[in-house]
Amino acid sequence: MTRVRVTAPRSASRSLADSSAEPRESAEDSAVGQVFVRSLIRSQLRLALVVAGGFLLILGAFPLLLAATPGLAQTRIAGIPFDWLLLGAGIYPVTGISAWLYIRSAARNEARYRDLAGGK
Amino acid sequence: MNPAVGIAAVAAVSVATAVIGFYGLRISRTTGDFYVASRTVPPWWNASAIGGEYLSAASFLGVAGLILLSGTDALWYPVGYTAGYLMLLLFVAAPLRRSGAYTIPDFTEARLDSRAVRRVTSLAVVMVGWLYIVPQLHGAALTIRTTTGLPSWAGSTAVVVVVCLTVVAGGMRSITFVQAFQFWLKLTALAVPLIFILLVLAEDGAPALAAVATNPGGAAPASPYQSISLLVALLFGTLGLPHVLVRFYTNPDGHSARRTTLIVLGLLSVFYLFPTAYGLAGRLFAPDLARAGQADALVLLLPGRLVGGPAGDLLSALVVAGAFAAFLSTTSGLVVSLAGVISQDVLGGSVRGFRVAALVSIIVPLGLALMTDSLALAGSVGLVFAFTASTICPVLLLGIWWRGLTDVGAIAGMVTGGLLCGGAMVAGTVLGMAGTPPWLAQPAAWSVPAAFTVMVLTSRATSSRVPRTITRVMTRLHTPERPLVTER
């Protein structure tokens, strides 16, 4: 058995900028392809901003709700004060649902791009 | 607590970690294995590993301690740690995976076509890593001191030795197995004692929850500014953490990077219920810890106090084991990513260089940890997030989403954010906890916007320097990989 000397792949610049063996080169080279790419990036960014904005609104609404409704924070559910339940457990499902919705929509955006770029 | 129990728990976790690490050694042969586990790790393994790496001393000990001290104000920490992952998913996960870069400096160099940007990013990554390892070692010192009575340095040194052995021996492949194992260990170590505590409490009758609202240590309630600034730090800081980002390269493609992140979010959501429950229980049954300045030890001491007897000893051993898993996993994750950066930039990228770099990346924070002492683990980790959010986060976000970013702009923004946030951290240390005004204690709310603004304005002013490769790079970052094409 021969010993093979291994070195770190200085891969980043090569893999990002060099597209010779890339399946995506048609999109890079044609003007039409670039229109599709720009539209994909725009729709992905819009999607991310909408989901982030919606999540932050809900996040901000929680303490406002507690501050605006006197007595709500001290309401007990199964012995635990409501503010603890809301901030300590209630936010996590919101996070998970936001993430799930985002992934679905992002994959749909990509599928649409694939159809356009592949079908021209 | 019986000192032998603590020592046995620490020894068991260390041995288990080392054994899994050495087992991994046999399958890591190439440099690719060393850095990113060859991108063949299944999503559940990978998600557990990400969770294991992310849940540090701050999450395991610090969150419960801070909840004990400041009640619902501290609940923003676990919320922010989790929501930060949502931001990571929305803005970074898939494009970064598609970039094909191994480290953050690889990414910025390729995106901006500039060696200088690479060097500045590397510097920021190394500083974040070092700052983040220090609280882990503080946590280890605290755990060893509280549970065995041994001097503090023994805990920090034990973590350093085990991490060196596993990282130097196996690289990322073994780390992935170790981290995944440690996530589930951490979850078990919090969940099982809590179940016993609840059983004991149910027998003794329902506790009076009247005292929950008052802070036992007399901590002042947080102002809205502090909560918002903390959230800014945690939301934007997570997506720049070097040890978290490197994990995304272990996914086969962009879509699976997103799926992995979704699983991680689920795992984190379940995990953080437990420190919250410990904090709440601590406010009821162990408020004296807050007054004694031992809040961070709450998780370690609560099971022994409430359950007692040999069962209490066993549960304490489990918690100590979980805590040590937290220190080991976060530290080793950080060391791997730091070593990756240092070895590529300084030592030429060989496997030998990686090992030397791993030693360098852990000796410096060990020195820092031995010279300083921790105040509040969750707080000091929160500041590291603020630093990351002010330096690495802007260059990642703008680099991924804005074509106009230039190398000069990126450097100006990172330097601005680093100086502002770093300056606030130094000033906070000099002035001490009591003398620091809130805007200086939580700098993220102004240092992060400042970094973004400088980065955008400078890029606008130097718009002729936008790299020629921009079209190609943006296409690569955002277009889906073709199905059935296997990448190398």
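Residues numbered from 1 in each chain as written. Chains lettered and ligands numbered in written order. Predicted model: local features only at pLDDT ≥ 70, side-chain atom pairs only at ≥ 80, totals over all residues.

### Some remarks on the overall build of chain A
Turning to step 1, where the next piece is worked out: Secondary structure assignment for chain A yields 4 helices and 2 strands.
Turning to step 2, where the next piece is worked out: Listing the helices and strands of chain A from first to last along the sequence gives α-α-α-β-β-α.
Turning to step 3, where the next piece is worked out: By the burial criterion, 26% of the 120 residues in chain A qualify as buried.
Turning to step 4, where the next piece is worked out: If you take every contact in chain A between residues at least 6 apart in sequence, the share linking residues at least 24 apart comes to 60%. (Helix = DSSP H or I, 4+ residues; strand = E, 2+ residues; numbered from the N terminus. Buried ≥ 20, exposed ≤ 12 C-beta atoms within 10 Å, placed from the backbone. Contact = placed C-beta atoms within 7 Å.)

### As for the overall build of chain B
Turning to step 1, where the next piece is worked out: Helices and strands together make up the secondary structure of chain B, namely 21 helices and 0 strands.
Turning to step 2, where the next piece is worked out: The buried share of chain B, taken over its 488 residues, is 63%.
Turning to step 3, where the next piece is worked out: Restricting to contacts in chain B with at least 6 residues of sequence separation, those with at least 24 account for 84%.

### Regarding the packing of helix α4 (residues 82-118) of chain A against helix α5 (residues 76-91) of chain B
Turning to step 1, where the next piece is worked out: At a minimum axis distance of 10 Å, the contact between α4 of chain A and α5 of chain B shows a crossing angle of 5°. With respect to α5 of chain B, the axis of α4 of chain A lies roughly parallel. Residues Leu87, Ile91, Tyr92, Thr95, Ser98, Ala99 and Tyr102 of chain A of α4 of chain A form the contact with α5 of chain B, whose own contacting residues are Val79, Thr82, Ala83, Leu86, Leu89 and Leu90 of chain B. (Axes fitted to C-alpha atoms, helices over the stretch in contact; angles between N-to-C directions. Parallel < 35°, antiparallel > 145°, perpendicular 65-115°, else oblique.)

### A word on the environment of Ala292 of chain B
Turning to step 1, where the next piece is worked out: By the secondary structure assignment, Ala292 of chain B is in the loop between α13 (287-291) and α14 (298-307).
Turning to step 2, where the next piece is worked out: As for Ala292 of chain B and Arg355 of chain B, which are separated by 63 residues in sequence, their C-alpha atoms are 42 Å apart.

### Digging into the nonpolar core
Turning to step 1, where the next piece is worked out: Counting residues in hydrophobic clusters, the biggest one holds 187 residues, and the most contacted among them are Leu298 and Ala321 of chain B.
Turning to step 2, where the next piece is worked out: Once residues lying within four places of it in the same chain are set aside, the contact partners of Ala321 of chain B are Ala9, Ala12, Val13, Leu185 and Ala189 of chain B. (Core = buried A, V, L, I, M, F, W, Y, C linked by C-beta atoms within 7 Å.)

### Some thoughts on unusual backbone geometry
Excluding glycine, residues mostly have negative phi values, and the peptide bonds linking residues are mostly trans.
Residue and element names in this part refer to chain B.
Turning to step 1, where the next piece is worked out: For Asp113, which is not glycine, the phi dihedral falls at a positive 55°.
Turning to step 2, where the next piece is worked out: With respect to the helices and strands, the residue Asp113 is situated in the loop between α7 (104-112) and α8 (115-148).
Turning to step 3, where the next piece is worked out: Looking at Asp113, the number of C-beta atoms within 10 Å reads 21, which means it is buried.

### Considering the confidence of the model for chain A
Residue and element names in this part refer to chain A.
Turning to step 1, where the next piece is worked out: Predicted confidence across chain A gives a mean pLDDT of 76, with 73% of residues reaching 70 or more.
Turning to step 2, where the next piece is worked out: Residue range residues 10-14 is modelled with pLDDT below 50. Its contacts to residues more than four positions away, or to other chains, number 11 contacts.
Turning to step 3, where the next piece is worked out: Low confidence marks residues 18-23, where pLDDT is under 50. Its contacts with residues over four positions away, or in another chain, come to 6 contacts. (pLDDT = per-residue confidence, 0-100.)

### Considering the confidence of the model for chain B
Caution is warranted with low-pLDDT regions, since their predicted coordinates should not be read in detail.
All names here are of chain B.
Turning to step 1, where the next piece is worked out: When the pLDDT values of chain B are averaged, the result is 82; 89% of them are 70 or greater.
Turning to step 2, where the next piece is worked out: Averaged pLDDT values over the elements of chain B bottom out at 50 in helix α2 (residues 31-36) and peak at 92 in helix α20 (residues 444-461).
Turning to step 3, where the next piece is worked out: Predicted confidence for residues 484-488 stays below pLDDT 50, and this span has 2 contacts to residues more than four positions away or in other chains.

### Some points on helix α12 (residues 254-285) of chain B
Turning to step 1, where the next piece is worked out: Between its terminal C-alpha atoms α12 of chain B stretches 47 Å, which fits the 46 Å expected from 32 residues at 1.5 Å a residue.
Turning to step 2, where the next piece is worked out: The buried fraction of α12 of chain B is high, at 24 of 32 residues. (Expected span 1.5 Å × (residues − 1).)

### What about helix α15 (residues 309-346) of chain B?
Turning to step 1, where the next piece is worked out: An ideal rise of 1.5 Å per residue puts 56 Å on 38 residues; α15 of chain B measures up with 54 Å between its terminal C-alpha atoms.
Turning to step 2, where the next piece is worked out: A large share of α15 of chain B lies buried, amounting to 32 of its 38 residues.

### Considering the environment of Thr330 of chain B
Residues and elements named next belong to chain B.
Turning to step 1, where the next piece is worked out: For Thr330, the location among the structural elements is in helix α15.
Turning to step 2, where the next piece is worked out: With 280 residues separating them in the primary sequence, Thr330 and Ile50 have C-alpha atoms 9.7 Å apart.
Turning to step 3, where the next piece is worked out: Those residues in contact with Thr330, other than ones at most four positions away along the chain, are Glu53, Ser56 and Gln136.

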